[in-house]
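One-letter residues, chain by chain:
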Amino acid sequence: MKGNRRRAQGGKEGAMKPAEEVRALLERVLARVRAPRALVQYAFQRGLATRFGENAILQSSGGEEEFLRLEVAYGRRHGSSIVNRTDKAAVGRLVDRAEEIAASSPEDPEYLPPPGPQAYPGVPPRWFESTARLSPVEAAGTIREAVKAARDAGYRSSGLFEAGAGARALATSAGLFAFDRSSSVGYSTTLHGPAGSGYAGRDTEEADRLEARSVTRSALETARAAQNPQGIEPGDYTVVFEPQAVADLLSFLFWNLDARDADEGTTAFAGRLGEAMFSETVRLATRIDDPELPAPPYGQDGLPMRETVWVERGVVRRLRHDRYWAERKGTEPDPGLYPLFMDGEDRPLADLVAQVERGLLVKRLWYIRYVDRRELLLTGLTRDGLFRIEGGRVAGPVQNLRFNESPVVFLRNAAALSRSERVGPVKVPGVLSERFTFSSGTESV
Amino acid sequence: LKDFTDAALNAAAAAGAAFADVRIVEERENRVLVRRRSLKLVDETERSGFGVRVLLGGAWGFASSTVLGREAAARTAQLAVEAARAAAAVPRQPPAVVAGEPAHTDTRVGPCREDPFAVSNREKADLLLAACDTMLNVPGVATAAGWLGFLRRRRVIANTDGSYLDLSTTFSYPHLEATAVAGEESQERSYPGGARQAGWEFIREIDLPGHARQWAEEAVMKCRAEDCPEGVMDLVLDPMNLALTMHESVGHPTELDRILGWEANMAGRSFVRPADVGTLRYGSERVSFTVDNTLEGGVGSWFYDDDGVPMQRFPLIRDGLLVALSCTRETAPMVGWERSNGCCRSDGFEHVPINRIPNLYLEPGPDDRLSPEDLIAGVERGLYIEGQGSFSIDQMRNNFQFGGDLFWLIEGGRKTRPLKKATYQAQTRQFWASCDAVAGRPWWRPHGVMNCGKGEPMQVMFMTHGASPARFRGIRVGAARL
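Residues numbered from 1 in each chain as written. Chains lettered and ligands numbered in written order. Predicted model: local features only at pLDDT ≥ 70, side-chain atom pairs only at ≥ 80, totals over all residues. Heavy atoms only, no water.

Caption draft 1: Quick peek at the overall build of chain A. A count of helical and extended segments in chain A gives eleven helices and 17 strands. A compact globule built from 445 residues would reach a C-alpha radius of gyration of about 22 Å, and chain A, at 24 Å, matches this within 12%. The principal-axis extent of the C-alpha atoms belonging to chain A is close to 70 × 55 × 35 Å. By the burial criterion, 62% of the 445 residues in chain A qualify as buried. Considering only intrachain contacts with a sequence separation of at least 6, the fraction spanning at least 24 residues in chain A is 72%. Summing over all exposed atoms, chain A offers an accessible surface of approximately 16800 Å²; the carbon and sulfur share of this is 46%. Placing the 61 positive and 61 negative side-chain charges of chain A at their respective mean positions leaves the two points 5 Å apart. (Helix = DSSP H or I, 4+ residues; strand = E, 2+ residues; numbered from the N terminus. Rg over C-alpha atoms; globule rule 2.2 N^0.38 Å. Buried < 20%, exposed > 50% of the residue type's maximum accessible area, 1.4 Å probe, protein only. Contact = heavy atoms within 4.5 Å. Areas by Shrake-Rupley, 256 points an atom, 1.4 Å probe, with all protein chains shown as cover. Lys, Arg positive; Asp, Glu negative; His and termini not counted. Charge placed at Lys NZ, Arg CZ, Asp CG, Glu CD.)

Caption draft 2: Representation of the overall build of chain B. Within chain B, the regular secondary structure consists of nine helices and 25 strands. Expected size for 482 residues packed as a compact globule is a radius of gyration near 23 Å; at 24 Å, chain B falls within 12% of this value. Principal-axis analysis of the C-alpha atoms places the extent of chain B at approximately 70 × 55 × 40 Å. Within chain B, the fraction of its 482 residues that count as buried is 68%. Restricting the contact set of chain B to residue pairs at least 6 apart, pairs at least 24 apart contribute 75%. Counting every atom, chain B has about 15300 Å² of accessible surface; 49% of that belongs to carbon and sulfur. The centroid of the 55 positive side-chain charges in chain B is displaced by 2 Å from the centroid of its 62 negative side-chain charges.

Caption draft 3: Just the side chain of Thr308(A), in detail. Residues and elements named next belong to chain A. Considering the arrangement of structural elements, one finds Thr308 in strand S9 (residues 308-312). Its relative accessible area of 6% is what places Thr308 among the buried residues. Contact partners of Thr308, with chain neighbours within four places excluded, come to Leu284, Ala285, Thr286, Arg318 and Asp334.

Caption draft 4: Seen up close, unusual backbone geometry. Residue and element names in this part refer to chain B. Note the cis peptide between Gln93 and Pro94, where omega equals 0°. Locating Pro94 in the fold gives a position in the loop between helix H2 (70-87) and strand S4 (105-109). For the peptide bond that leads from Glu456 to Pro457, omega is -5°, which places it in the cis range. Note on placement: Pro457 falls in the loop between strand S23 (445-454) and strand S24 (459-467).

Caption draft 5: Seen up close, helix H5 (residues 136-153) of chain A. The end-to-end C-alpha distance of H5(A) is 26 Å, a good match for the 26 Å that 18 residues give at a rise of 1.5 Å each. Considering only its buried residues, H5(A) is in contact with strand S1 (37-53), strand S2 (56-74), strand S4 (156-172), strand S5 (177-193) and helix H6 (212-225) of chain A together with H2 of chain B. One or two residues past the end of H5(A) sits Gly154(A), with phi positive at roughly 75°. (Expected span 1.5 Å × (residues − 1).)

Caption draft 6: Local environment of the packing of H5(A) against H6(A). Residues and elements named next belong to chain A. Contact geometry for H5 and H6: axes closest at 10 Å, N-to-C directions at 25°. The orientation of H5 relative to H6 falls into the category roughly parallel. Viewed along their axes, H5 and H6 form a crossing whose handedness is right-handed. Two secondary-structure elements touch here, H5 through Thr142, Glu145, Ala146, Ala149 and Ala153 and H6 through Ala212, Arg213, Thr216, Leu220 and Arg224. Looking at the contact of H5 with H6 residue by residue, the class counts come to five nonpolar, two polar and three charged. (Axes fitted to C-alpha atoms, helices over the stretch in contact; angles between N-to-C directions. Parallel < 35°, antiparallel > 145°, perpendicular 65-115°, else oblique. Left-handed = near helix turned anticlockwise from the far one by under 90°. Nonpolar A, V, L, I, M, F, W, Y, C, P; charged D, E, K, R; others polar.)

Caption draft 7: Just the pairing of strand S1 (residues 19-35) of chain B, in detail. Residues and elements named next belong to chain B. Within S1, twelve of the 17 residues are buried, which leaves it mostly tucked inside the rest of the structure. Relative to strand S2 (residues 38-56), S1 runs antiparallel, the two being bridged by 17 bridges. Counterpart to Arg23 in the pairing with S2 is Gly51. What sits between the antiparallel neighbours S1 and S2 is a turn of two residues, in which Arg36 has the positive phi angle 60°. Sheet topology note: the S1/strand S5 (residues 141-159) ladder contains 15 bridges and is antiparallel. The partner of Asp21 across the bridge, within S5, is Asn159. (Pairing = 2+ DSSP bridges.)

Caption draft 8: Highlighting the sheet that holds strand S10 (residues 289-292) of chain B. All names here are of chain B. Here six strands make up an open sheet; going across it, the order is S12-S11-S10-S15-S24-S23 and the pairing mixed. On the outer flanks of this sheet lie strand S12 (321-322) and S23, each paired with one strand and no other. The sheet contact formed by strand S15 (residues 360-362) and S24 spans two bridges and is parallel. Counted as the bridge partner of Tyr361 is Gly466 from S24. Sheet strands in contact with helix H6 (residues 239-251) are S10, strand S11 (313-318), S15, S23 and S24, and its direction is about 120° off that of S24.

Caption draft 9: Spatial organisation of the confidence of the model for chain A. Considering every residue of chain A, the mean pLDDT works out to 95; 97% of them sit at 70 or more. Segment residues 1-13 of chain A is flagged for pLDDT under 50; beyond a separation of four residues in sequence, or across chains, it makes 25 contacts in the model. (pLDDT = per-residue confidence, 0-100.)

Caption draft 10: Representation of the interface of chain B and chain A. Each side of the interface is counted separately: chain B has 91 residues, and chain A has 89 residues. Carbon and sulfur atoms make up 48% of the surface buried where chain B meets chain A, a total of about 7300 Å² over both sides. Our enumeration of links across chain B and chain A arrives at eleven salt bridges. Close ionic contact of Glu264(A) with Arg36(B) constitutes a salt bridge, the shortest N to O distance being 2.7 Å. Taken together, the connections running from chain B to chain A amount to 46 residue pairs in polar contact (both at pLDDT 80 or more). Element by element, the count of residues in the side of chain B that touches chain A is highest for S2(B), at eleven residues. Bridging between strand S3 (residues 77-83) of chain A and S2(B) involves four bridges; their strand directions are parallel. Along S2(B), the bridge assignment pairs Ile82(A) with Thr45(B). (Buried area = accessible area lost by both parts, 1.4 Å probe. Salt bridge = Lys/Arg side-chain N within 4 Å of Asp/Glu carboxyl O. Polar contact = N/O pair within 3.5 Å; in protein donor to acceptor, adjacent residues only side chain to side chain.)

Caption draft 11: Inspection of the side chain of Thr267(A) at higher detail. Residue and element names in this part refer to chain A. Take Thr267: it is sitting in the loop between helix H8 (259-263) and strand S8 (284-286). Accessibility expressed as a relative area gives 0% for Thr267, which makes it buried. Not counting residues within four places of it along the chain, the set of residues in contact with Thr267 comprises Asn256, Asp261, Ala262, Arg373 and Arg374.

Caption draft 12: Local environment of the pattern of salt bridges. Evaluation of the coordinates by the stated rule reveals 88 salt bridges over all chains. Ionic pairing is found between Arg323(A) and Asp301(A), a salt bridge with its closest N-O pair at 2.9 Å. Linking Arg323(A) in helix H9 (residues 323-329) with Asp301(A) in the loop between S8 and S9, this pair joins segments that are 22 residues apart in sequence. Under the relative-accessibility criterion, Asp301(A) is labelled partly exposed at 27%. Where Arg155(B) meets Asp306(B), a salt bridge forms, and the shortest distance between an N and an O atom there is 2.8 Å. Placement of Arg155(B) in strand S5 and of Asp306(B) in the loop between S10 and S11 is noted, with a sequence separation of 151 residues between them. Assigned by exposure class, Arg155(B) and Asp306(B) land together as buried. What emerges from the salt-bridge pattern is a single network uniting Glu110(A), Arg260(A), Asp261(A), Glu264(A), Arg373(A), Arg35(B), Arg36(B) and Lys40(B).

Caption draft 13: Just the pairing of strand S6 (residues 196-204) of chain A, in detail. All names here are of chain A. Sheet analysis places S5 next to S6, joined by nine bridges and oriented antiparallel. Its bridge partner being in S6, Ser188 is matched across the sheet by Gly201. Between the antiparallel neighbours S5 and S6 lie two residues.

Caption draft 14: Spotlight on the packing of aromatic side chains. Applying the stated rule across the entire model yields 31 aromatic pairs over all chains. On the basis of an interplanar angle of 90° and a centroid distance of 6.3 Å, the ring pair of Phe400(B) and Tyr424(B) is categorised as edge-to-face. Here Phe400(B), found in strand S18 (residues 399-402), pairs with Tyr424(B), found in strand S21 (residues 424-427); they are 24 residues apart in sequence, far enough to count as distant. The class for Phe400(B) is buried, based on a relative accessible area of 0%. Judged by its relative accessible area of 0%, Tyr424(B) falls in the buried class. The interplanar angle of 40° and the centroid separation of 5.9 Å between the aromatic rings of Phe402(B) and Tyr424(B) together place this pair among those described as tilted. In this pair, Phe402(B) sits in strand S18 while Tyr424(B) sits in strand S21, placing the two residues 22 residues apart along the sequence. An aromatic cluster is present here, built from Phe289(B), Phe400(B), Phe402(B), Tyr424(B), Phe431(B), Trp432(B) and Phe472(B) joined pairwise through their rings. The side chain of Arg287(A) reaches across the aromatic face of Phe341(A), ending 4.6 Å from its centre. Over the aromatic face of Trp366(A) sits the side chain of Arg383(A), whose NZ or CZ is 4.6 Å from the ring centroid. (Phe/Tyr/Trp six-rings, centres within 6.5 Å; stacked < 30°, edge-to-face > 60°. Lys NZ or Arg CZ within 6 Å of the ring centre and 35° of its normal.)

Structure follows, in structure tokens:
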């Protein structure tokens, strides 16, 4: 605590360090390192979060923090340490601790030395002053409009307005320096009527793209339509998943795209490389050129991000290799998975609904967990609006259902896609899929 | 630190705050992670900062900083005041107030007989590498992984009531798992015991290397086991399995903030209403749950919560009847309660404290002679489930589906053979109403949970659950599509 007081007297708060200052800081860290190999990372994040519920703001908060993380190695013996200070004393503790740990560690047969200088691709901007300047006042303004819309309908609103601005950097003893800064703003809201609810949310880097009113309007429209759901029997249904629900379900599939896990036989992708696992409409790729979902310039260990196709026409083309496994397998390492894109088709979601004679429209999923990882069998529930489709039209709300189903089956049975939309770190379309298994129901709304 | 906390509190009071607190958090964390025969991570983190919370004009504001000095304290308090003023644009009705609480001055240090930070990282790494090596040497095991984590957290809490608290706790959180592969089948088996507020003595007690072979062999056994049949069966659940079941179906539904609708956008609400206290039949007469934030070794035993309220022990459900809810100084007045029962916690200096599940356990049955074998003997056809696996529950905490880590078929009153891929599915109150027996106190075991996510932004919290094995009649099993 004494060291912290010293930091306070000499410290400067409230300013994001420019790239040159961060570079100088990381060089000071590396200069102090005696171990032959080192990788040091810097992160700064300033954020605000305003939370609301029952038509009132419940929490209004903000803060900032910076970190240094250092990994050093003697041969294959490595150790790391982290501090949330950048003053000289903290840097001293950071280095001493990492070196002490590394010196006494056993050899790691999978250790790889840090990479040297890299050439980074041009990526769309991820930093916007308009976002970095957002304050609790702007957050409250957005929420005030949501609450008014809810009150006018006799509903209750809840949600989160969150914004942040940050920087990260990486430097290695092999001469690499990488720097990246980004901003983010997200807004989501749930509107509850007497017997049903609706949800909508949006994330973006640029405050002007948030369009919070349309988010609120979407949640309100769903909530209105979702009132007084009727009972429905569980079973196998033709489903139309909105992009939010697609992103919810596929998140587990994305996390399983690891090459080593597949090679060891523990995931659904074991032995499936080159195989048509999914409908031929399915294409999954990491992209770095979309301004609506911009990629960082670098990923794992400072490697440059690049476009990578994981699934093409339903066939698994590649699984993600970390640096060690890539070396073992004689291939290039994959710097990152996100931002991840599932290509859609140029038509609105309503066109998918129009193709369904009898089925269900799914807005959002909740509490998804593995039932069996090898089969990628998942369970979870629908939430905030589940609707019956009859004769190509949305025919009314039904009660929520629990599913036990695999996203592999979901994509294998995909018959049609709509336009892709951003949902957090992915961009996915609405999906019409056949024979989706729901196993039980709930009266919870 | 008193000068520092006074600077923050004085700045808040000068701005007109009806209540303010400042919470300094210093953390030291050590992690060692092994995967296969590779030491993936060995590190140590040092992190500190403080948060200031103010109640101004019936609205809350919060700000945090890592700069520990008088000027920064006052500046951060001012930011919290500005945040509260912004929040007042969408005001609570009635305006927010805090439940009364006497001033407390206390210094406490939690249990830790053997300082884990004094144990060398080499010893920790060697322990995990040995355990993983033992697992990998079992034919059929494809991969093994484990970690040892140690967290020491010091919280200094001061508030405008006049409280000043200096509280230190040490948590040890181990893990070990084996994954076996047989053809197109893959199954896992894990260390079942959870975390504890303790030091290195806990790691020695649980003896991960000594159990590694057994767990690895059980993973292989699961690969070869039959799939769980579908139907309606009786269940006997071990304490580690019950820990997650009670967490999701009892702990979360009885959080007052969730009941009030404050979690509606993310974690959901609850089927419980405030008026249900004293009237709602939650389970059978065999079912009694106790909140015990004074539990020795409990990872939720923090002496005082982040509202500055002494942690307590009280009944939540007695003989099947709901008799209390967990609450905070903020939520208690919303339902007319004068005092909080001490269930307000934050996971770090940078987050607003919120209503959290406390240490919560199922009381053992009244007959100390009643053993797990006695429970099994009373089942003609059913499942005995150990450990934790899949878990999912709806946003109102009604419909749930849980798995486990090891499954045995019970036939004619005895365990006959292992199964795999078992799930049980029920509605919360139906499930607890079906409980007809709980084994005695000698079989009661705690389980420390270190990964309870709640809130927006997400906070990750710790609490200990506990139970003796318990029996449930007529539960739907094997409903998953396999």
